Amino acid sequence: EQRKEPTDCFDLFCRVVSLGPRDRPAGESAASYLDGLIDYKRAHRGDDLTTALLDDLDRGWLRSEGELRATLFVLLGAGHTTTFPFLGAAILRSLQLRGRPAVLTGEPETCRRWLDEVLRYDSPVQASQRRYALADVSIGGVRIATGDTVILSFAAANRDPGRFDHPDEPSQERDSRAHLA
């Protein structure tokens, strides 16, 4: 049985995503890990996400083993790359508040509102993956030609003064559910 520490999986994810084909050993190691996980869960099904995805594959809801592997890769990696920064930001912003932090009130709605505000203010994912224009278009007076690379800035959108009053000041009272984090 192949076992990896969570930090090893996170490192593999970061290397594969940032370096892609240039880090072939990381890609092969990540694929090998996922194949081992899939084989293990096939033999030891349980009440877990991997088993549920295997069931979806068996039902035909996932198209292929490759789609299963890609889904698991994103879940294993993206879960870490968003959760760690979010938890750190939530703790930091709560400590910086004047008065009692909303997360300590025990009121679910107050807590949810504050956590949405932290997501808006300190988006764990700052920008989208690369997208490519399929046609010439003009946005905000800027011409984007067919084939141009476009990257959406979630961080800028979440600090848009046209959408959020005083966007550079975190607020426990703000309803930030419309954030893009």
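What comes next is a walk through the structure. As the structure is a prediction and not an experimental result, all values here were calculated from the model.

Side note on the overall build of the chain
Okay, so step 1: Looking only at helices and strands, the chain has six helices and four strands in total.
Okay, so step 2: Listing each helix as α and each strand as β along the chain from the N terminus yields α-α-α-α-α-β-β-β-β-α.
Okay, so step 3: Its C-alpha atoms give the chain a radius of gyration of 20 Å, more than 25% over the compact-globule value 16 Å for 181 residues.
Okay, so step 4: Counting only C-alpha atoms, the chain reaches 50 × 50 × 30 Å along its principal axes.
Okay, so step 5: Within the chain, buried positions represent 30% of all 181 residues.
Okay, so step 6: The long-range share in the chain, meaning contacts at least 24 apart out of those at least 6 apart in sequence, stands at 54%.
Okay, so step 7: Surface accessibility of the chain: about 11800 Å² in total, with carbon and sulfur atoms responsible for 55%.
Okay, so step 8: For the chain, the centre of its 24 positive side-chain charges and the centre of its 28 negative side-chain charges are spaced 2 Å apart.

Concerning empty space enclosed by the protein
Okay, so step 1: Across all of its chains, the model carries one cavity of 30 Å³ or more by this definition.
Okay, so step 2: In this structure, the largest cavity occupies an estimated 90 Å³ of space.
Okay, so step 3: Surrounding the largest cavity, Cys-9, Phe-10, Leu-12, Phe-13, Ala-30, Tyr-33, Leu-34, Phe-73, Leu-76 and Gly-77 form its lining.
Okay, so step 4: At the level of elements, helix 1 (6-19), helix 2 (24-43) and helix 4 (65-96) are the ones that each hand at least two residues to the lining of the largest cavity.
Okay, so step 5: A per-element tally of the lining of the largest cavity places helix 1 first, with four residues.
Okay, so step 6: Partitioning the lining of the largest cavity into residue classes produces nine nonpolar, one polar and no charged.

Considering the nonpolar core
Nonpolar side chains tend to gather and get buried jointly when the protein is soluble and globular.
Okay, so step 1: Among the nonpolar cores identified, the biggest contains 17 residues, and Leu-34, Leu-68, Leu-72 and Phe-73 are the most heavily contacted of them.
Okay, so step 2: Those elements that provide at least two residues to this core are helix 1, helix 2, helix 3 (49-59) and helix 4.
Okay, so step 3: Sorting elements by how many residues they give to this core places helix 2 first, with six residues.
Okay, so step 4: Excluding its chain neighbours within four sequence positions, the residues that come into contact with Leu-68 are Ile-38, Leu-53, Leu-54, Leu-57 and Leu-62.

Regarding the packing of aromatic side chains
Okay, so step 1: Enumeration according to the criterion identifies zero aromatic pairs in this entry.
Okay, so step 2: If you follow Arg-120 out to its NZ or CZ, it ends over the ring of Phe-164, 5.0 Å from the centre.
Okay, so step 3: The aromatic ring of Phe-164 is capped on one face by Arg-163, whose charged end is 4.9 Å from the ring centroid.

Regarding the pattern of salt bridges
Okay, so step 1: Here the structure, examined in full by the defined rule, presents 16 salt bridges.
Okay, so step 2: The salt bridge involving Asp-122 is made with Arg-93; its shortest N-O contact spans 2.6 Å. Separated by 29 residues along the polypeptide, Asp-122 in the loop between helix 5 (108-121) and strand 1 (131-132) and Arg-93 in helix 4 bring together distant segments of the chain.
Okay, so step 3: Accessibility expressed as a relative area gives 18% for Asp-122, which makes it buried.

Looking at the packing of helix 4 against helix 5
Okay, so step 1: The N-to-C vectors of helix 4 and helix 5 enclose an angle of 110°; their axes lie 10 Å apart at closest approach. Judged on the interaxial angle alone, helix 5 and helix 4 are roughly perpendicular. For the pair helix 4 and helix 5, contact is made by Phe-86, Ala-89, Ala-90, Arg-93 and Ser-94 and by Trp-114, Leu-115, Val-118, Leu-119 and Tyr-121, respectively.

Some points on helix 5
Okay, so step 1: Over its 14 residues, helix 5 extends 20 Å from the first C-alpha to the last, a length consistent with the 20 Å expected when each residue adds 1.5 Å.
Okay, so step 2: Of the positions making up helix 5, those classed as buried are Thr-110, Trp-114, Asp-116, Glu-117, Val-118, Arg-120 and Tyr-121.
Okay, so step 3: Here the buried face of helix 5 lies against helix 4 and helix 6 (154-158).

What counts and what doesn't
Residues numbered from 1 in each chain as written. Predicted model: local features only at pLDDT ≥ 70, side-chain atom pairs only at ≥ 80, totals over all residues. Heavy atoms only, no water. Helix = DSSP H or I, 4+ residues; strand = E, 2+ residues; numbered from the N terminus. Rg over C-alpha atoms; globule rule 2.2 N^0.38 Å. Buried < 20%, exposed > 50% of the residue type's maximum accessible area, 1.4 Å probe, protein only. Contact = heavy atoms within 4.5 Å. Areas by Shrake-Rupley, 256 points an atom, 1.4 Å probe, with all protein chains shown as cover. Lys, Arg positive; Asp, Glu negative; His and termini not counted. Charge placed at Lys NZ, Arg CZ, Asp CG, Glu CD. 1 Å grid on protein atoms, 1.4 Å probe; cavity = no way out; pocket = protein on both sides within 12 Å on 5 of 7 lines; lining within 4 Å. Points joined across faces, edges and corners; volume = space filled by probe spheres on them. Nonpolar A, V, L, I, M, F, W, Y, C, P; charged D, E, K, R; others polar. Core = buried A, V, L, I, M, F, W, Y, C linked by side-chain atoms within 4.5 Å. Phe/Tyr/Trp six-rings, centres within 6.5 Å; stacked < 30°, edge-to-face > 60°. Lys NZ or Arg CZ within 6 Å of the ring centre and 35° of its normal. Salt bridge = Lys/Arg side-chain N within 4 Å of Asp/Glu carboxyl O. Axes fitted to C-alpha atoms, helices over the stretch in contact; angles between N-to-C directions. Parallel < 35°, antiparallel > 145°, perpendicular 65-115°, else oblique. Expected span 1.5 Å × (residues − 1).

Purely spatial values, then, with no claim about function.
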